[in-house]
Amino acid sequence: MELVASNKCFGGEQKQYSHTSSSLNCDMRFSIFLPPQAEEGKVPVLYWLSGLTCTDENFVQKAGAQRYAAEAGIAIVCPDTSPRGEDVADDAEGAYDFGLGAGFYVNATQAPWNKHYHMYDYITQELPALINAEFPVDVERQSISGHSMGGHGALTIALKNPQQYKSVSAFAPIVSPINCPWGQKALGGYLGNNENAWFEYDTCELVKNAPVKLPMLVDQGDADQFLEEQLQTQRLVDACDQAGYSAEINMREGYDHSYFFIASYIESHIEFHRKFLFS
Ligand SMILES: N[C@@H](CCC(=O)N[C@@H](CS)C(=O)NCC(=O)O)C(=O)O
């Protein structure tokens, strides 16, 4: 692991590292915010998964989360959104919604994607093992959040691994990739035509059979340009109603899909996770 950048921030440290990932078979970068409390002992940790086109840096630079994480005493880990490097396959037309910057947090089974695109294993196993070994974080106290494609990642990963997380939240998540163009392109490409495999990565399908109903918070802007075609939040409201899953799902008037929306509500998401990470 190599330190790329380090900046003091709200009494803590915002750091960026590179390392060689065995699950992704390439070099990766991630960012970590360590609150001031990490100097005294182990702190709980929030994983943040970003959306299409992002790297580990978008959230770090635009969400304004450090002030609240420093106050709460929570570390925040931001991974990249796909494997990276010259030999990593990308969308044939270089589209923003598939390939580089668009790993969708799945384990690809189809060539050529299955050589590097194992973001699910990276986020659920390899990265937490590295973080737990190298930083003063408490393995027993992890939560997960994300935006858009990363909201899909956070929700599916938490629903599939409820023992690993205390709580889950999302901003403007893709709630049912099997039912929207972004999701159908990604799942079809990474997993092939076997739609049973797609169900494993669909939040609305996973909610139906959730063995444990982890605390869940979702915020969605009603002026989000992707709401109707891609995000379809009402599907999650309906799936939760049918499953008796009491998630908090808020429609926020006038907010769009951008980091201005995330910055406006990040404090409430950190407060939500704080309750469960410190209970
Ligand atoms: N049409 C947009 C779609 C991508 C997009 O909106 N990405 C969101 C996540 S789904 C984002 O966070 N972008 C980076 C940023 O705003 O910093 C583009 O071409 O960049």
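Higher on the page you've got the structure.
None of the values given here were measured: they were computed from a predicted structure. Residue positions are counted from 1 within each chain, in the order its sequence is given. It should be noted that, the model being predicted, local features are given only for residues of pLDDT at least 70 and side-chain atom pairs only at 80 or more, the latter also being counted only at that level, while totals for whole chains, interfaces and linings use all residues. The basis for every side-chain value is the complete set of heavy atoms in the structure, and neither hydrogens nor water enter the calculation.

> Can you help me understand helix H9 (residues 233–243) in this one?
An α-helix turns once every 3.6 residues. As a result, residues three or four positions apart point the same way. Residue exposure (1.4 Å probe, protein chains only): buried if accessible area is under 20% of the type maximum, exposed if over 50%, otherwise partly exposed. Note on conventions: DSSP H or I runs of at least 4 residues are helices, E runs of at least 2 residues are strands, and numbering of each starts at the N terminus. All of the buried residues along H9 are Thr-233, Leu-236, Ala-239 and Cys-240. Mapping the buried residues of H9 onto a view down its axis gives an arc of 120°, with all of them on the same face. Of the exposed residues in H9, those oriented more than 90 degrees away from the buried face are Asp-241 and Gln-242. Throughout, a residue-residue contact means that at least one pair of heavy atoms, one from each residue, lies within 4.5 Å. On its buried face, H9 sits against helix H7 (203–208), strand E8 (216–221), helix H8 (227–231) and strand E9 (248–252). A positive phi of about 65° marks Gly-244, the residue just after H9. For this quantity, the arc is that covered by the directions from the helix axis to the C-beta atoms.

> Sorry if this is basic, but what is going on with the sheet that holds E8 here?
The strands making up a sheet associate through hydrogen bonds between their backbones, and the pairing can be parallel or antiparallel. At least two bridges found by DSSP between two strands are what make those strands a pair. With mixed pairing, 9 strands are arranged side by side in an open sheet as E1-E2-E3-E5-E4-E6-E7-E8-E9. Pairing within the sheet leaves two strands with one partner each, and these edge strands are strand E1 (2–9) and E9. The average angle at which neighbouring strand axes cross in this sheet is 20°, direction not considered. Where strand E7 (residues 168–171) lies against E8, 4 bridges are found, and the strand directions are parallel. When the bridges of E8 are listed, Phe-171 appears paired with Asp-219. Where helix H3 (residues 119–134) meets the sheet, its contacts fall on strand E2 (12–21), strand E3 (26–34), strand E4 (43–49), strand E5 (75–79) and strand E6 (137–147), and the angle it forms with E2 comes to roughly 120°. Contacting E8 and E9, H9 crosses the sheet at an angle of about 150° to E9. With axes taken as lines fitted to C-alpha atoms, and helix axes fitted only over the stretch in contact, angles between N-to-C directions fall between 0 and 180 degrees.

> What is the right way to read the nonpolar core from this model?
Nonpolar side chains tend toward joint burial in soluble globular proteins. Working definition of a nonpolar core: buried Ala, Val, Leu, Ile, Met, Phe, Trp, Tyr and Cys residues. They are joined through side-chain atoms within 4.5 Å. If you look at the biggest cluster of nonpolar residues, it comprises 70 residues, and the most contacted ones within it are Phe-104, Ile-131, Ile-144, Tyr-190, Met-216 and Tyr-245. A total of 7 residues in this core trace back to one element, the largest contributor, which is H3. Core analysis: the next-biggest nonpolar cluster, separate from the first, contains 23 residues, Cys-54, Ala-65, Ala-69 and Ile-266 among them.

> Would you explain the site of the ligand in this entry?
Near is defined per residue: the residue qualifies when any heavy atom it owns lies within 4 Å of the molecule or strand. Close contacts around the ligand come from Gly-51, Leu-52, Thr-53, Cys-54, Asn-58, Lys-62, Tyr-96, His-147, Ser-148, Phe-226, His-257 and Tyr-259, and that covers them all. The separation between a nitrogen atom of the ligand and a polar main-chain atom of Leu-52 is 3.0 Å. Two N or O atoms form a polar contact when they lie within 3.5 Å of each other; inside protein one atom must be a possible hydrogen donor and the other a possible acceptor, and for residues adjacent in sequence the pair counts only when both atoms belong to side chains. Lys-62 is positioned such that a nitrogen or oxygen atom in its side chain is 2.7 Å from an oxygen atom of the ligand. When the free accessible area of the ligand is taken as 480 Å², the share hidden by the protein chains comes to 70%. Considering only residue class, the shell around the ligand consists of 5 nonpolar, 6 polar and 1 charged. Exposure was quantified through the Shrake-Rupley algorithm and a 1.4 Å probe, taking into account, for residues, occlusion by the shown protein chains and nothing else. Think of it as three bins: nonpolar holds Ala, Val, Leu, Ile, Met, Phe, Trp, Tyr, Cys and Pro, charged holds Asp, Glu, Lys and Arg, and polar takes everything else, Gly as well.

> Would you take a moment to explain the environment of Arg-274 for this structure?
Along the polypeptide, Arg-274 turns up in helix H10 (residues 259–277). Judged by relative accessible area, Arg-274 falls into the partly exposed class, the value being 30%. Sequence-wise, Arg-274 and Ser-82 are 192 residues apart; in three dimensions their C-alpha atoms are separated by 28 Å. Dropping the residues within four chain positions of it, Arg-274 is found in contact with Ala-72 and Ile-74. Within the local environment of Arg-274, its side chain forms a polar contact with the side chain of Glu-271, the two groups lying 2.9 Å apart.

> How should I be thinking about the pattern of salt bridges in this particular structure?
Side chains that differ in charge, positive against negative, can pair when their charged atoms come close. Put simply, a salt bridge is a Lys or Arg side-chain nitrogen that is within 4 Å of an Asp or Glu carboxyl oxygen. Summed over all chains, the structure comprises 10 salt bridges. Put simply, Lys-185 and Asp-97 hold a salt bridge, and the shortest N to O gap is 2.7 Å. You can see Lys-185 sitting in helix H5 (residues 181–191) and its partner Asp-97 sitting in the loop between E5 and H3, a full 88 residues away along the chain. Relative accessible area serves as the criterion here: at 33%, Lys-185 is assigned to the partly exposed category.

> Honestly, the pairing of E8 in this entry has me stumped. Any pointers?
Each regular strand displays side chains that alternate between the two surfaces of the sheet. Judged by how many residues are buried, E8 sits mostly within the fold: 6 of 6 residues are covered. Here E8 shows two buried faces, one formed by Met-216, Val-218 and Gln-220 and the other by Leu-217, Asp-219 and Gly-221.

> Looking at this structure, how should I read the side chain of Asp-219?
Residue position: Asp-219 is located in strand E8. In terms of polar contacts, Asp-219 uses its side chain to reach the side chain of Asn-250, at 3.2 Å. Of note is the side chain of Asp-219, whose polar atom sits 2.7 Å from the side chain of His-269. Excluding residues that lie within four positions of it along the chain, Asp-219 makes contacts with Ala-170, Phe-171, Ala-172, Pro-173, Asn-250, Arg-252, Phe-261 and His-269.

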